[in-house]
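# Inside the fold
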Amino acid sequence: MSTNLASKLRTGLKPQQFIDSMEKNQEQFLAYYNGFEWDNEEDKEYFDSLNNRDDLRCLIVAADWCGDVVRNVPVVFKALENSGIPTEVLIIEQNYDVIDQFLTGGGRAIPIVIFTDTGGFVLGQWGPRPKHVQAVMNQFKKENPDREASDYSEKIQVARAEMGRQYGEGNGYHAVIVKELRELIESF
């Protein structure tokens, strides 16, 4: 990727600032955040070992009203918490210029977790959801391209319910996000 976000580095909210500024869903966000547990010691050690790298930055495009942000960003925060990777949240409504470079299926979907080097060059991205959950939305959009169709809202509710089932009960999906983030970071 040749995208450069240098102008956005050091302009976002630090994780605690984002949490403190939440006007919606803060309690649920904190429940996921405080409920995070490492699935295995090897992943924890891997993320802790990133302290030896000073070449990475993380920008997360998010908003407190988004259910996927509430579910997924706490996991990203926890995974990166001891990594030494400077992590910032860019609020989508103030950063359409950023999200429009990272569309999901042609649309603005959040959260988008973007890793850059120190110069702001994008190395990779994750989001808006774990791959197996996103697959449900991808299939839905493929089968329902007309947002004006009379049954669109009914069908998207069915797809959203299936995405909820794919996330599963509890916090088991946290390990999936950690695995996907680790695979991404290991690629650069």
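So, a few notes on the structure that sits alongside this text. (Residues numbered from 1 in each chain as written. Predicted model: local features only at pLDDT ≥ 70, side-chain atom pairs only at ≥ 80, totals over all residues. Heavy atoms only, no water.)

## Quick look at the environment of Ile 60
Along the chain, Ile 60 turns up in strand β1 (residues 57-62). Taking C-alpha positions, Ile 60 is 6.0 Å from Ile 114, a pair spaced 54 residues apart along the chain. Those residues within four positions of Ile 60 in sequence are excluded, and the remaining contacts are Val 73, Val 76, Phe 77, Thr 87, Glu 88, Val 89, Leu 90, Pro 111, Ile 112 and Val 113. (Helix = DSSP H or I, 4+ residues; strand = E, 2+ residues; numbered from the N terminus. Contact = heavy atoms within 4.5 Å.)

## Considerations on the pairing of strand β3 (residues 112-116)
Within β3, 5 of the 5 residues are buried, which leaves it mostly tucked inside the rest of the structure. Taking every second residue as pointing to the same face, both faces of β3 are buried, with Ile 112, Ile 114 and Thr 116 on one and Val 113 and Phe 115 on the other. Bridging between β1 and β3 involves 5 bridges; their strand directions are antiparallel. Bridge pairing links Leu 59 to Ile 114 in β3. With 4 bridges joining them, β3 and strand β4 (residues 122-126) adopt antiparallel strand pairing. By the bridge assignment for β4, Phe 115 is matched with Gly 124. (Buried < 20%, exposed > 50% of the residue type's maximum accessible area, 1.4 Å probe, protein only. Pairing = 2+ DSSP bridges.)

## A short note on the pattern of salt bridges
Considering all chains together, one arrives at 12 salt bridges under this definition. A salt bridge links Asp 100 to Arg 108; the nearest nitrogen and oxygen atoms lie 2.7 Å apart. By relative accessible area, which is 37% here, Asp 100 ends up partly exposed. The exposure class of Arg 108 is partly exposed, given its relative accessible area of 45%. Across the pair Glu 162 and Arg 165 runs a salt bridge, and its minimum N-O distance is 2.9 Å. (Salt bridge = Lys/Arg side-chain N within 4 Å of Asp/Glu carboxyl O.)

## Quick notes on helix α7 (residues 152-167)
The terminal C-alpha atoms of α7, which comprises 16 residues, lie 22 Å apart, in line with the 22 Å expected from a rise of 1.5 Å per residue. Those residues of α7 that fall on the buried side of the exposure criterion are Tyr 152, Ile 156, Ala 159, Met 163 and Tyr 167. For α7, the angular spread of buried residues about the axis comes to 85°, placing them on one side. Those residues of α7 that are exposed and aimed more than 90 degrees away from the buried face are Glu 154, Val 158 and Arg 165. Buried residues along α7 sit against α4 (67-80), α6 (131-143) and α8 (173-186). Two residues or fewer after α7 comes Gly 168, characterised by a positive phi angle close to 85°. (Expected span 1.5 Å × (residues − 1). Arc of directions from axis to C-beta.)

## Describing the side chain of Arg 129
Take Arg 129: it is sitting in the loop between β4 and α6. Relative accessible area serves as the criterion here: at 11%, Arg 129 is assigned to the buried category. In this structure the side chain of Arg 129 is engaged in a polar contact, spanning 2.7 Å, whose partner is the side chain of Asp 68. Looking at Arg 129, its side chain comes within polar contact range of the side chain of Gln 134, at 2.5 Å. (Polar contact = N/O pair within 3.5 Å; in protein donor to acceptor, adjacent residues only side chain to side chain.)

## Observations regarding the sheet that holds β4
Read across the open sheet, the 4 strands follow the order β2-β1-β3-β4; overall the sheet is mixed. Strand pairing shows two members of the sheet lacking a second neighbour, β2 (87-91) and β4, which therefore form its edges. Neighbouring strand axes in the sheet, compared pairwise and without regard to direction, differ in orientation by 25° on average. Sheet strands touched by α4: β1, β2, β3 and β4. Its angle to β1, the strand with the most contacts, is close to 165°. (Axes fitted to C-alpha atoms, helices over the stretch in contact; angles between N-to-C directions.)

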